[in-house]
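Examining the three-dimensional arrangement
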Amino acid sequence: MKSTKNIKIPDNVEKILWVRPDSVGDAVLAASMLSPVRKRFGEAEIHVVCQAHLYDFYAACPYVTKTIGFDQQKLLDFSHYREELATLLGVQNYDLSLNSVYSPTFITDFLHSNNGAQIKIDYKTVVKNSPVDQLEIKRHGNFIRSLGCLVTEDLSPLVWIPHHVETFAEKIFKKNNLKTSNTIVLAAGVQFSPRLYDHYCEALESLCKEEDLTVIVVGTERDRLVISNNLRNFTGKVVDLVGKTSILEMAAIIKKSRMLVGADSAAAHIACAVETP
């Protein structure tokens, strides 16, 4: 059984640092905590420190006042970069630092320990005996309940897509004569190599021919090889957006599509958030 320990938090919290230096998929899973945190702390500013490529993701959140992005590799490699980042965080005069990451890393610990906040709260300080196999989304609920947040329903993956980003997706669909019913998104890129798979398009070939479907391929340039391997013998219609979309633009494309095909990746978490199969 897990148990939570409520921490005594002053009523006059004015500025909070939300420490989330993890990946896109983890950010999507964690995003729904921010609304209860906003309600719990009223008018307090909520700042997020995250990897630079997630800046726009958090900047789109209506509950976030300020987003501070950092370069993960520089933080790992250069002491002067760490010192500069710690100074940047320290001058913000945070009242409270919240680290909801269940499995912390050097980066998580560094950011949480070196931000100058008067009170620092991390997951394992306030949630005891959490089952190792517990769903991440359940852990998030446990964490914010320990802060005194009211959680009336299960948390779920979440992404905020601004109107101008929705418009971007609409233009892509219009330019390529696409409709939701005849569009599939392929996201073959993965963070960890054991999840690589080169044969998604073999499975899609007959379906795409039978139903006249178009495959939109998405991802970053580092995904180019696995995507090329998948497309090598594919004869169906393809729209190549690899390296051409931001995280939010990819989310808008996935939202407008019939379904997503791919591995357990950022795109899969986003598909859950926008309710695309």
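Model, not experiment: these values are computed from the prediction.

Quick word on helix α11 (residues 224-231)
- Restricting attention to buried positions, one finds in α11 the residues Val 226, Ile 227, Asn 229 and Asn 230. Burial along α11 is one-sided: seen end-on, the buried residues are contained in an arc of 160 degrees.
- Buried residues in α11 make contact with β8 (183-187), α10 (200-211) and β9 (214-217).

Considering the pairing of strand β3 (residues 45-51)
- With 6 of 7 residues buried, β3 lies mostly within the body of the structure.
- Judged from the 5 bridges that link them, strand β2 (residues 15-19) and β3 form a sheet pairing that is parallel. In the strand pairing of β3, Val 19 is matched with Val 49.
- In this sheet, strand β4 (residues 66-70) lies alongside β3 in parallel orientation, the contact comprising 5 bridges. Paired with Cys 50 across the two strands is Gly 69, which belongs to β4.

Some details on the environment of Gly 42
- With respect to the helices and strands, the residue Gly 42 is situated in the loop between α2 (34-41) and β3.
- You can call Gly 42 partly exposed: its relative accessible area is 30%.
- Residues Gly 42 and Ala 117, spaced 75 residues apart in sequence, show a C-alpha to C-alpha distance of 18 Å.

Section: the nonpolar core
- Within the largest apolar cluster, 64 residues are counted, with the highest numbers of intra-cluster contacts made by Trp 18, Phe 57, Leu 98, Phe 143, Ile 216 and Ile 254.
- No other element matches helix α12 (residues 247-256), which puts 7 residues into this core.
- Each residue touching Ile 254, except ones within four places of it in the same chain, is listed here: Val 185, Leu 260, Ala 267, Ile 270, Ala 271, Val 274 and Thr 276.
- Residues Leu 186, Ile 227, Val 261 and Ala 263 belong to the second largest nonpolar core, which totals 17 residues.

Observations regarding the sheet that holds β2
- Ordered by their spatial adjacency, 5 strands build an open sheet running β4-β3-β2-β5-β6, and the pairing between neighbours is parallel. What marks the edges here is a single partner per strand, and that holds for β4 and β6 (119-122). Strand after strand, the sheet turns through a mean of 20 degrees between neighbouring axes, direction not considered.
- Contacts from helix α5 (residues 79-90) reach β2, β3 and β4 within the one sheet, and its direction differs from that of β4 by about 170 degrees.

Considerations on the environment of Ser 257
- Assignment of secondary structure puts Ser 257 in the loop between α12 and β11 (259-262).
- Residue Ser 257 is classed as buried on the basis of its relative accessible area of 4%.
- Between the C-alpha atom of Ser 257 and that of Ser 79, which follows or precedes it by 178 residues, the distance is 44 Å.
- If we skip the residues at most four places from it in the chain, Ser 257 touches Phe 173, Thr 180, Thr 183, Val 185 and Thr 276.

Observations concerning the state of the cysteines
- Taken as a whole and assessed by the stated rule, the structure comprises 0 disulfides.
- Cys 61 takes part in no disulfide bond, and the closest cysteine sulfur to it belongs to Cys 50, at a distance of 11 Å.
- Overall, Cys 61 belongs to the buried group, its relative accessible area being 3%.
- No disulfide involves Cys 272; its sulfur sits 19 Å from that of Cys 61, the nearest cysteine.
- Looking at Cys 272, the relative accessible area reads 53%, which means it is exposed.

Examining the packing of aromatic side chains
- Applying the stated criterion to the full structure yields 7 aromatic pairs.
- Judged by centre distance (5.1 Å) and plane angle (90 degrees), the rings of Phe 57 and Tyr 58 are edge-to-face.
- When the centroid spacing of 6.3 Å and the interplanar angle of 25 degrees are considered together, the rings of Phe 106 and Phe 110 count as stacked. Of the two residues, Phe 106 and Phe 110 both sit in helix α6 (residues 106-113), 4 residues apart, roughly one turn of that helix.

Points about helix α8 (residues 136-146)
- The buried count for α8 comes to 8 of 11 residues, which makes it a mostly enclosed element.
- Of the residues trailing α8, Gly 148 is marked for its positive phi of about 90 degrees.

Structural notes on unusual backbone geometry
- One non-glycine residue, Asp 212, adopts positive backbone phi at about 55 degrees.
- Looking at the element boundaries, Asp 212 is found in the loop between α10 and β9.
- Exposure remark for Asp 212: the relative accessible area of 46% places this residue in the partly exposed category.
- Located in the positive-phi region is Glu 275, a residue other than glycine, with phi close to 60 degrees.
- You can call Glu 275 exposed: its relative accessible area is 72%.

What counts and what doesn't
Residues numbered from 1 in each chain as written. Predicted model: local features only at pLDDT ≥ 70, side-chain atom pairs only at ≥ 80, totals over all residues. Heavy atoms only, no water. Buried < 20%, exposed > 50% of the residue type's maximum accessible area, 1.4 Å probe, protein only. Helix = DSSP H or I, 4+ residues; strand = E, 2+ residues; numbered from the N terminus. Arc of directions from axis to C-beta. Contact = heavy atoms within 4.5 Å. Pairing = 2+ DSSP bridges. Core = buried A, V, L, I, M, F, W, Y, C linked by side-chain atoms within 4.5 Å. Axes fitted to C-alpha atoms, helices over the stretch in contact; angles between N-to-C directions. Disulfide = S-S within 2.5 Å. Phe/Tyr/Trp six-rings, centres within 6.5 Å; stacked < 30°, edge-to-face > 60°.

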